[in-house]
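Residues per chain, in single letters:
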Amino acid sequence: MSAARPGPAEIALGGGPLGADSLSEQDAAGLLAFALERGVTLVDTAPSYGASEERIGRFAEARPELRVSTKVGYAVPGVEDWTSRCIREGVEQARRRLRRDVLDVVHLHSCPLEVLVGRGVVEALVDARVRGRVAKIAYSGQGEALEWAVDSGVFDVVQTSVSPVDRRALSAVLPRAKERGVEVLAKRALASGALAEPHPEDGPDRAEYRRRWQALGLSEELGQERASVCDALIRFAAWQPEVDVVLVGTKSPGHLGAACDAAAAGPLDPELLSRLAATYAEVGAEWPGVI
Ligand SMILES: NC(=O)c1ccc[n+]([C@@H]2O[C@H](COP(=O)([O-])OP(=O)(O)OC[C@H]3O[C@@H](n4cnc5c(N)ncnc54)[C@H](OP(=O)(O)O)[C@@H]3O)[C@@H](O)[C@H]2O)c1
């Protein structure tokens, strides 16, 4: 399956870590500069990622070659979340923070199906595209809402989780996205860092991925050495025929460079891929995608 594509998916920078207090302004700008040097020209952010949008905006102002992807639906002061007004004003807020007249990609950020349908939020985002504020409109999420977004024919892009521990979208909906010409951004390709030492501030997503990792016996299949496991995870996502872009969430230029090298190294061995798929079908068929 994975040998079917002529080259790997594009590597993009996941901008969650860019907003962290633990990253200095200088290191944030250095990471973005390194990304451009490595040919990584897309960065994904959101209003919920701390100072990420502002930091990207300060850098991106003088670097038109950097494409920006962000999200809306909440966090506009004084405006009710998930209303058409929140989408309109969220787009304007993002244009100001990211210092761009036209935003390259804007997602509805992980809202459930009942919010997608009947509240006017999709229409408000379509209107932002019509008015030239946004080049591509997107939905980020999982499950039935993701399926609705793909089938609606309205969205240019979807963003969803793709890794050996999170394959629901890969089998359930991404082939349809491909058929319909919807661009696919893969998030959580590195299992959101679940392979790192457990930390008291780890969220439930990492705990869930760790549980799945053990249930699938992935340490036996992919080894224990973190750098080579990360390489394998990037190769897994970047050579899926349905994936156009792999977001790599990192604050480390070295790790971003490693992801670029891993993607270029080619797909994983087909026999390994078959075993991973078979074990998942046996053990994880009912697991939902992690938002
Ligand atoms: N739409 C949504 O709801 C949503 C949800 C989740 C994520 N996202 C998007 O997807 C991006 C990525 O997601 P994510 O950050 O959750 O997960 P991820 O990319 O799967 O994993 C990031 C983690 O992997 C570590 N890492 C990366 N490269 C490594 C390497 N070579 N060796 C060892 N560790 C490595 C990073 O630590 P270091 O910093 O030390 O490299 C970080 O802890 C986010 O930044 C965001 O843009 C969107």
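Rules used in this analysis
Residues numbered from 1 in each chain as written. Predicted model: local features only at pLDDT ≥ 70, side-chain atom pairs only at ≥ 80, totals over all residues. Heavy atoms only, no water. Axes fitted to C-alpha atoms, helices over the stretch in contact; angles between N-to-C directions. Helix = DSSP H or I, 4+ residues; strand = E, 2+ residues; numbered from the N terminus. Parallel < 35°, antiparallel > 145°, perpendicular 65-115°, else oblique. Left-handed = near helix turned anticlockwise from the far one by under 90°. Contact = heavy atoms within 4.5 Å. Nonpolar A, V, L, I, M, F, W, Y, C, P; charged D, E, K, R; others polar. Near = heavy atom within 4 Å. Polar contact = N/O pair within 3.5 Å; in protein donor to acceptor, adjacent residues only side chain to side chain.

Chemist: Please give an account of the packing of helix H11 (residues 226–238) against helix H12 (residues 253–264) that cites residues and values.
Modeler: Two elements in contact, H11 and H12, have axes whose closest approach is 8 Å; the angle formed by their N-to-C orientations is 55 degrees. One element, H11, and the other, H12, form an angle in the oblique class. Considering only the axes of H11 and H12, their crossing is right-handed. Across the interface between the two elements, Asp231, Ile234, Arg235 and Ala238 of H11 pack against Ala258, Ala259, Ala262 and Ala263 of H12. Class assignment of the residues belonging to the contact of H11 with H12 gives a composition of 6 nonpolar, no polar and 2 charged.

Chemist: Can you lay out the site of the ligand for me, pointing to particular residues and giving the numbers?
Modeler: Neighbouring residues of the ligand: 28 residues in total, closest Asp44, Ser140, Leu190, Thr250 and His255. Contact distances for the ligand include 3.1 Å between an oxygen atom and a side-chain N or O atom of His109. The backbone of Lys251 places a nitrogen or oxygen atom 3.0 Å from an oxygen atom of the ligand. Secondary-structure elements contributing two or more residues to the shell around the ligand are H11 and strand E8 (245–249). It is E8 that contributes the most residues to the shell around the ligand, 3 residues altogether. In terms of residue class, the shell around the ligand is made up of 9 nonpolar, 12 polar and 7 charged.

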